[in-house]
Amino acid sequence: MDKKFYITTAIDYANGSPHIGHSLEKIQADVLARYARAKGQKVFFLTGTDEHGTKIQKTAFQKNITPKKLVDTNSKEFKNLKKILNLSWDKFIRTTDSKNHWPGVFKIWDQMEKSGDIYKRTYRGLYCSGCESFKTGADLVDGKCPLHDKEPELVEENNYFFRLSAYSKILKKKIEDKEIEIIPQWRANEILSLIENGLEDVSFSRPKEKLSWGIPVPGDDSQVIYVWADALTNYISAIGYGRDEKEFEKWWPADVQVIGKDILRFHAAIWPAMLISAKLPLPKKIFVHGFINVQGQKMSKSVGNIISPNEIFEKYGSDSLRYYFLKEISPFEDGSYSEEKFIDRHNSDLAHGLGNFSARVVGMASKFPNSIRNDFKSIDLGLEQRIKTVQKNVDDYLDQFKFNDALSEIWSLISFGDSYVNEKKPWSSDIPDVEKEKILFNLLVLLNSVGVMLAPFLPESSKKITKNISIKGKYVQLKPIPKLFELIDNGII
Ligand SMILES: [Zn+2]
């Protein structure tokens, strides 16, 4: 196991407020970060906002405010997701941060130029202002951008280009050899077939009169760096590239980069090609999740179905939000949000399932305080085996990014605990107190294990459970997981 673990989310475009679609990725990455910390790895978890571009320029103009004012306001809201989703990120990078981000952008530009991969040419192409990118015929459906249902405009301009076409072969090999592992595999196949069709060079800058809100091209004031070299570089600028090389080398390459399916192409083709050109190592894994729909429809302002995580948080708290996205949404496919389903999950799995079991066990055990001081020799071997198996399965599922299956495993342990109670009947007057204490000790061990295993997923519930048990005396410790108790105790997870 690596000592360090560097994980990133994509940076959100600070053109509006966060909605629940932005939540999934942050929660998934947070689970992986907390889990790595629990395993004793040194973790750096990065998120942030992408704050340049013509769309932001336009929105600010419409609102009659400066782009700076617009991104300051929106970025703050994205930053606030830390509280709403209970995220444990270590750094929030903003691409308008000229002190932390820009030096990395200048440096990678310089490196790519030295490698002969940046050149200037006149370009005539179809440009979608929604995507902020030039489109090729293959990107369009009936002559329109399928993402924006809009015909792109014909644009002619002088741009700097990045020689992406030179990297088709090497990228193909690196993805096939899993030097960059793309998860799930069918996403890797998707990008491989795209590469096989041949990659075209991409525009890396735009004339200043078209795009003024951005980072200037080093040595050419008439041009502004276009999204890729700016936004993608956040993953290395944030950890010191271009300003603190020692820190940078400590963390890079990223162990996992979590992204949405819509930006796979940029992260699995342009980004690694930039890194190879700049002679930097490649990220180890790219984990790709789907989109969140609301009642079967894509969230959009025009449909009026945008849901803010703040509202749900106010009513139900962050654990319920986290639970829904991790359990109810497939990690790889598109998922759907509905308030009905959300309330249903909240009530049945959290309040009734986990909440009742935990209250029941702690309630019974508090009537028999000696139960917590029982010896580990009193452990029921069947129950202990069950816990170990679940722990192992949770580990395996998390290694495969199957958050939903990992949670199902933990819930199977709760069901097992429920049937254990019903079978052993620790309330029965036929059972001597010393036997009752043993039964309750076993249940406390089980509940505590549930609490510990839940720590990366539902940090608040986890803390409540383990705290409930500890106030009755010393922690009940199950051998494979004592380290985790210390981590919870010290507030690390
Ligand atoms: Zn578009």
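Residues numbered from 1 in each chain as written. Predicted model: local features only at pLDDT ≥ 70, side-chain atom pairs only at ≥ 80, totals over all residues. Heavy atoms only, no water.

### Considering the domain arrangement of the protein chain
This is how it is decided: Domain start and end points were adopted from an automatic or database domain assignment. Whether two residues are in contact is decided by their heavy atoms: any pair within 4.5 Å suffices. By convention, the term buried area covers the 1.4 Å-probe accessible surface removed from two parts as they join, with the contributions of both added. Helix and strand definitions here come from DSSP, where helices need a minimum of 4 consecutive H or I residues and strands a minimum of 2 consecutive E residues; each element is numbered from the N-terminal end. Residues are grouped as follows: Ala, Val, Leu, Ile, Met, Phe, Trp, Tyr, Cys and Pro are nonpolar; Asp, Glu, Lys and Arg are charged; every other residue, Gly included, is polar.
Here the domain parsing of the protein chain yields domain 1 (4-298) and domain 2 (338-489). For domain 1 versus domain 2, the distance between C-alpha centres works out to 41 Å. In this assembly, 14 residues from domain 1 lie in contact with 13 residues from domain 2. Taken together, the two surfaces of domain 1 and domain 2 that pack against each other cover about 1,300 Å², and 72% of this comes from carbon and sulfur. Counting the surface domain 1 buries against domain 2, the share from its top three residues, Val-31, Tyr-35 and Ala-38, is 40%. It is helix H1 (residues 23-38) that contributes the most residues to the side of domain 1 that touches domain 2, seven residues altogether. Considering only residue class, the side of domain 1 that touches domain 2 consists of seven nonpolar, three polar and four charged.

### Some details on the side chain of Ser-308
What counts here: The term polar contact refers here to a pair of N or O atoms within 3.5 Å; inside protein, the definition further demands a hydrogen-donor-capable atom paired with an acceptor-capable atom, and it admits residues adjacent in sequence only when both atoms are side-chain atoms.
Secondary-structure assignment places Ser-308 in the loop between strand E16 (297-298) and helix H12 (309-316). A polar atom in the side chain of Ser-308 sits 3.0 Å from the backbone nitrogen of Asn-310. Among all residues touching Ser-308, those that are not within four sequence positions of it are Pro-18, His-19 and Ile-20.

### Description of the packing of helix H13 (residues 318-328) against helix H14 (residues 339-367)
Put simply, the rule reads: Working convention: axes come from line fits to C-alpha atoms, limited for helices to the stretch in contact. Angles between N-to-C directions cover 0 to 180 degrees. In these notes the angle categories are as follows: under 35 degrees is roughly parallel, over 145 is roughly antiparallel, 65 to 115 is roughly perpendicular, and the rest is oblique.
As a packed pair, H13 and H14 sit with axes 10 Å apart at the nearest point and diverge in direction by 100°. By the angle between their directions, the pair H13 and H14 is classed as roughly perpendicular. Listed contacts from H14 to Asp-319, Ser-320, Leu-321, Tyr-323, Tyr-324 and Glu-328 of H13 are Lys-341, Phe-342, Arg-345, His-346, Asp-349 and Leu-350. Grouping the constituent residues of the contact of H13 with H14 by class yields five nonpolar, two polar and five charged.

### Quick word on the sheet that holds strand E5 (residues 118-128)
Note the following rule: Strand pairing requires that DSSP identify at least two bridges connecting the strands.
A sheet is described by the order of its strands in space; here four strands give the open sequence E6-E5-E7-E9, paired in antiparallel fashion. Both edges of this open sheet fall to strand E6 (133-135) and strand E9 (202-203), since each of them pairs with a single strand only. Across three bridges, the pairing between E5 and E6 is antiparallel. The residue bridging Tyr-127 from the neighbouring strand is Phe-134, located in E6.

### Comments concerning the pairing of strand E1 (residues 4-9)
Operational definition: Burial status follows relative accessibility: with a 1.4 Å probe on protein chains alone, a residue under 20% of its type maximum counts as buried, one over 50% as exposed, and anything between as partly exposed.
Of all six residues in E1, six are buried, a share of seventy percent or more. Residues Lys-4, Tyr-6 and Thr-8 line one face of E1 and the alternating positions Phe-5, Ile-7 and Thr-9 line the opposite face, and both faces are buried. Sheet topology note: the E1/strand E3 (residues 42-50) ladder contains five bridges and is parallel. By the bridge assignment, Ile-7 is partnered in E3 with Phe-45. When E1 meets strand E13 (residues 256-260), the two strands line up parallel, connected through three bridges.

### Some thoughts on the pairing of strand E7 (residues 153-162)
In the sheet, E5 pairs with E7 via ten bridges, with the strands oriented antiparallel. Within E7, the residue paired with Tyr-123 across the bridge is Glu-157.

### Structural notes on empty space enclosed by the protein
We count it as follows: Using protein atoms alone on a 1 Å grid, points that fit a 1.4 Å probe yet trap it form a cavity, whereas open point sets bounded by protein on both sides within 12 Å along at least five of seven lines form a pocket; residues with an atom within 4 Å of a point count as lining. Grid points are joined across faces, edges and corners, and a volume is the space filled by probe spheres set on the points.
In this structure the tally under the stated criterion is one cavity of 30 Å³ or more. Empty space within the largest cavity amounts to approximately 30 Å³. Taken together, Lys-26, Thr-47, Phe-78, Leu-81, Leu-87, Trp-89 and Phe-92 form the lining of the largest cavity. Taken together, the residues of the lining of the largest cavity sort by class into five nonpolar, one polar and one charged.

### Comments concerning the nonpolar core
The condition is simple: Buried residues of nine kinds, namely Ala, Val, Leu, Ile, Met, Phe, Trp, Tyr and Cys, make up a nonpolar core once their side-chain atoms join them within 4.5 Å.
Ranked by internal contacts, the top residues of the largest apolar core, which has 80 residues, are Trp-411 and Phe-457. Examining the composition of this core, we find that eleven residues originate from one element, helix H17 (residues 433-454), more than from any other. Both domains that furnish three or more residues to this core are identified here as domain 1 (4-298) and domain 2 (338-489). Phe-44, Ala-229, Ile-236 and Ile-270 belong to the second-largest nonpolar core, a separate cluster that totals 67 residues.

### Some thoughts on the pattern of salt bridges
For side chains of opposite charge, pairing can occur when their charged atoms come near one another. Condition: Counted as salt bridges are all cases of a side-chain nitrogen of Lys or Arg within 4 Å of a carboxyl oxygen of Asp or Glu.
This model, assessed by the stated rule, comprises 30 salt bridges. Among the salt bridges present, the one from Asp-255 reaches Lys-4, with a minimum N-O distance of 2.7 Å. Of this pair, Asp-255 sits in the loop between helix H10 (245-251) and E13 while Lys-4 is found in strand E1, placing the two residues 251 residues apart along the sequence. Since its relative accessible area comes to 7%, Asp-255 is described here as buried. Of the residues examined, Lys-4 reaches a relative accessible area of 14% and is grouped as buried. Notably, a salt bridge pairs Asp-418 with Arg-360, separated by 3.5 Å at the nearest N-O pair. On the criterion of sequence distance, the pair formed by Asp-418 in helix H16 (residues 403-424) and Arg-360 in helix H14 is long-range, its members being 58 residues apart. Under the relative-accessibility criterion, Asp-418 is labelled partly exposed at 24%.

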